[in-house]
Amino acid sequence: MTGTAGGRKTRAERLAAPLARNVVKEVAAEHGACLRPVQLRRTDIDTGHVEQVLIPCGHTLASVCPPCAQRARLLRAAQCREGWHLDQEPIIDPDPATENQRALVTGRAEAQEGRDLLASAGLNTTDLDERIGELDQQITNAGLRGTVLPARPRRHRSTKRRQDAAPLPRRPVSARTVGKVYTAPDGKTFRPSMFITLTCPSYGRVCEDGAPADPDTYDYRHAARDALAFAALFDRFIQNLRRFVGHDIQYFAAIEPQRRLAPHVHIALRGTISRAELREVIAATYHQVWWPATTDVKYDGGCLPVWGQHTGTYLDPDTGEVLPTWDQALNAIGDGDEPRHVARFGQRFDAQGVLAGSRDSSRCIGYLTKYLTKHLGDCHQLSTNAQGAHAERLAEALRYEPCSPTCANWLRYGIQPRDARPSLVPGCCKGKAHRREYLGYAGRRVLVSRKWSGKTLADHRADRKAWLTGMLGLPATDPGRYSWEPVKPGDPDHMPTGRRLLHVVADRIQWQTALELARRRAAEDESPANGRAE
């Protein structure tokens, strides 16, 4: 029996009815509309006309906004596909410097010379330091990339190779980026590329679910430090590979976790290299972390360094002495000392050749972008107690491992972090590497070389938009014609979330109709004429 007298519904029946706001979100997700649209106010500079524009949030995580994350994944797939099998060198020619940019650099050179002369004479350089800071900002505002001088002088360590590392033959690196062309016995030519997977070394035997067979002997500290240095290790591998093969190797790489929660990297490599040579480069690749030692814990529990308001530094809680600064701790590392950690890849790797347009190419691209919409810690579900305990042990190992020169954990070992500030607490660093969803890896998930496709991600996005507007015959808009500003919650024209969602659903339906029309027109243009007389 359902319902009550007078046609009133029971509480259970009311709760069983779908919630209107959830249905709006479901419909928006079904049509690929952003679930968190951002409202902007666009003003036409020529006419003064003001209109409201809703743009996607652009989030790359499916847990936050599935439609935006899916679009970002597809865009990465298009970027990977376009650059993997190039047969012509990408053209990347920077624009020549303008007269204003040259004048600013000239003024910067004169200011630097004057400052150095005063410094060598032991005179005050405050005025010129302020002038140099102003010029550096003007140079950046003028559109020049990078900086004239690095923010901090680079610290150089010995480049002598380790005795326990395999030798690495080197060749002069040419500017070539495209792969080698091979000719088959039948005269057919092809230009293959490669799909490579590199992993971390073993830290102990693991079971099928990725959990250690013996957690007490599993080297969690080594695993944590390898995860922290994984991005730098990959960068060193690419450098060595380029020096070994003798040309400018280009790559599209994605970082993912293995089931044992150690990071590994999938690489789409343009061109080919033999497995024997690849094994040689892997064996010769390592990354040394020249940081202060962390073997002795000096401050722990309730006895932690205190911040001195007058000195602006951290002090010993008992003696009041100033803790060594980051630069002082680095200077204390002598030539006879060993690096704090040496990261290497594991001996096991996978490499396979891939041809352009083949089924393997599409499969590998899908594999490269499979987990890009998830956090590293969410790629593999922890379904057993052993897996959960393994994740907890790894998180605990990462808790007190310094993740960067600015990490608060350096206070635990009696060292002031670089750019120290008050309220730093060891074990409570807010860096990405210490968060469970990142598993110690704080770098970018997608690593793309500069000459992969000759375009940035924004360029690929603009190409897709230009194709659609071109097929529909829509005029291109001038970006300099409009000014943009965010609409804040207190503004009279601010739309609540539900209203914004309704707007983006309607706009998305119109966009999908236009896209389908563009695809039909493109198919008609590519197909031969049917039934027409010659």
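Reading the values: the criteria
Within each chain, residues carry numbers counting from 1 in the order of the written sequence. With the structure being a predicted model, the display of local features is reserved for residues of pLDDT at least 70 and the display and counting of side-chain atom pairs for 80 or more, all residues being used for whole-chain, interface and lining totals. Based on all heavy atoms of the structure, the side-chain values leave hydrogens and waters out of the count. Here the aromatic set is Phe, Tyr and Trp, taking the six-membered ring for Trp, and pairing holds for ring centres within 6.5 Å; pairs whose planes are under 30 degrees apart are stacked, those over 60 apart are edge-to-face, and all others are tilted. Runs of E in the DSSP output that reach at least two residues are strands. Runs of H or I that reach at least four are helices, and both are numbered from the N terminus. Only protein chains enter the accessibility calculation, which uses a 1.4 Å probe; a residue is then buried when its area is under 20% of its type maximum, exposed when over 50%, and partly exposed in between. Look at NZ for Lys and CZ for Arg. If either is within 6 Å of the ring centre and within 35 degrees of the ring normal, a charge sits over the ring. The pairing criterion is simple: DSSP has to find at least two bridges between the two strands. Here an axis means a line fitted to C-alpha atoms, over the contact stretch when the element is a helix, while the angle between two N-to-C directions is reported on a 0 to 180 degree scale. Between 65 and 115 degrees an angle is taken as roughly perpendicular, under 35 as roughly parallel, over 145 as roughly antiparallel, and anywhere else as oblique. Working rule for handedness: look at the near helix, and if it is turned counterclockwise from the far one by less than a right angle, call the crossing left-handed; if clockwise, right-handed. Two residues qualify as a contact provided that any one of their heavy atoms is within 4.5 Å of a heavy atom in the partner residue. Definition used in this section: a nonpolar core is a set of buried Ala, Val, Leu, Ile, Met, Phe, Trp, Tyr and Cys residues joined via side-chain atoms within 4.5 Å. Under the rule applied, a polar contact is a pair of N or O atoms within 3.5 Å (in protein, one hydrogen donor and one hydrogen acceptor; residues adjacent in sequence only if both atoms are side-chain atoms). Here, a salt bridge means any side-chain nitrogen of Lys or Arg that lies within 4 Å of a carboxyl oxygen of Asp or Glu. Only residues above 30% relative accessible area that lack a salt bridge enter a patch, with like-charged residues linked at up to 9 Å and the nonpolar side chains Val, Leu, Ile, Met, Phe, Trp and Tyr linked at up to 5 Å. Per-residue and other accessible areas were derived by the Shrake-Rupley procedure at a 1.4 Å probe size, with only the shown protein chains allowed to occlude residues.

Asker: Please give an account of the packing of aromatic side chains that cites residues and values.
Answerer: Geometry of an aromatic ring pair is reported as the spacing of the ring centres plus the angle between the planes. On inspection of all chains with the given rule, the structure shows 13 aromatic pairs. Between F252 and W452 the ring centres are 6.1 Å apart and the planes differ by 40 degrees, which places this aromatic pair in the tilted class. Taken as a pair, F252 in strand 6 (residues 251-257) and W452 in the loop between strand 13 (446-448) and helix 12 (457-472) lie far apart in primary sequence, 200 residues in all. Of the two residues, F252 and W452, neither departs from the other in class, the shared state being buried. Where W291 meets W410, the ring centres are 5.7 Å apart and the plane angle is 75 degrees; that geometry is what we call edge-to-face. Within this pair, whereas W291 is found in the loop between strand 8 (287-289) and strand 9 (306-308), its partner W410 is found in the loop between helix 11 (385-399) and strand 13, the two being separated by 119 residues in sequence. Members of the aromatic cluster, each reached through a chain of ring pairs, are F230, F237, F345 and Y441. Residue placement shows R171 over the ring face of F244; its charged tip is 5.1 Å from the ring centre.

Asker: Quick one: what's the story with the sheet that holds strand 6, residue by residue and with numbers?
Answerer: Where strands meet in a sheet, backbone hydrogen bonds hold them as pairs that are either parallel or antiparallel. Within the open sheet, the five strands sit side by side as 12-5-7-6-13. Their pairing is antiparallel. Every other strand in the sheet has two partners, leaving strand 12 (349-354) and strand 13 as the edge strands with one partner each. Direction aside, neighbouring strands of the sheet carry axes that sit 15 degrees apart on average. Bridge analysis of strand 6 against strand 7 (residues 263-269) gives seven bridges, and the strand direction is antiparallel. In the strand pairing of strand 7, P257 is matched with P263.

Asker: Outline the packing of helix 2 (residues 20-30) against helix 13 (residues 497-526), listing residues and values.
Answerer: Taken N-terminus to C-terminus, the directions of helix 2 and helix 13 make an angle of 30 degrees; their axes are 9 Å apart at the nearest point. In terms of orientation, helix 2 and helix 13 fall into the roughly parallel class. Along this stretch, helix 2 crosses helix 13, giving a crossing that reads as left-handed. Within the contact between the two elements, helix 2 uses V24, K25, V27 and A28 and helix 13 uses L501, L502 and V505.

Asker: Report on the nonpolar core, specifying residues and quantitative values.
Answerer: Counting 44 residues, the largest nonpolar core has L198, F237, I267, L269 and L278 as the members making the most contacts within it. Elements supplying a minimum of two residues to this core: strand 5 (193-198), helix 6 (220-228), helix 7 (230-245), strand 6, strand 7, helix 8 (275-284), strand 12 and helix 11. Take this core: its biggest share by element is seven residues, from helix 7. Setting aside anything within four residues of it in sequence, one finds F237 in contact with L198, I267, L278, V281, I282, T285 and F345. Membership of the second largest hydrophobic core comes to 14 residues, among which are F195, F252, I365 and W452.

Asker: I'd like to hear about the environment of Q250, residue by residue, with values.
Answerer: The residue Q250 is located in the loop between helix 7 and strand 6 in this model. Each C-alpha atom of the pair Q250 and I238 lies 8.8 Å from the other, and the pair is 12 residues apart in sequence. Among all residues touching Q250, those that are not within four sequence positions of it are T177, R242, A268, L269, R270, S449, R450, K451 and W452. Here the side chain of Q250 touches K451 through a polar contact of 2.9 Å, landing on its backbone nitrogen.

Asker: Can you lay out the sheet that holds strand 1 (residues 38-44) for me, pointing to particular residues and giving the numbers?
Answerer: Here we have three strands laid out as an open sheet, ordered 2-1-14, and antiparallel in their pairing. Across the chains shown, the open sheet's two edge strands, defined by having one partner strand only, are strand 2 (50-55) and strand 14 (482-486). When strand polarity is set aside, the average angle formed by the axes of neighbouring strands in this sheet is 35 degrees. Sheet analysis places strand 1 next to strand 2, joined by six bridges and oriented antiparallel. Bridge assignment links L40 to a residue of strand 2, and that residue is V53.

Asker: Describe the pattern of salt bridges, and please don't skip the residues or the numbers.
Answerer: As enumerated under the stated definition, the model contains 23 salt bridges in all. For D491, the salt bridge identified is with R41, shortest N-O distance 3.2 Å. Taken together, the residues span a long stretch of sequence, with D491 in the loop between strand 14 and helix 13 and R41 in strand 1 at a distance of 450 residues. Owing to a relative accessible area of 24%, D491 belongs among the partly exposed residues under this scheme. Owing to a relative accessible area of 13%, R41 belongs among the buried residues under this scheme. The closest approach of N and O atoms between D248 and R242, which form a salt bridge, is 3.1 Å. Each of the salt bridges in this network shares a partner with another, and the network as a whole consists of R41, E485, D491 and D493.

Asker: Go over a nonpolar patch on the surface, please, and point to the residues and values.
Answerer: A contiguous nonpolar patch, built from Y182, F190 and L355 and spanning about 250 Å² of accessible area, is present on the exposed surface. As for its position among the elements, Y182 is in strand 3 (residues 182-183).

Asker: Got a sec to walk through the pairing of strand 7? Specific residues and values, please.
Answerer: Burial runs high along strand 7: seven of the seven residues are buried. Bridge count between strand 5 and strand 7: five bridges; the pairing is antiparallel. Across the sheet, the residue bridging to M194 is L269, located in strand 7. Here strand 6 folds back onto strand 7 in antiparallel fashion, the turn holding five residues, of which L261 has a positive phi close to 75 degrees.

These values are about where atoms sit, not about what they do.
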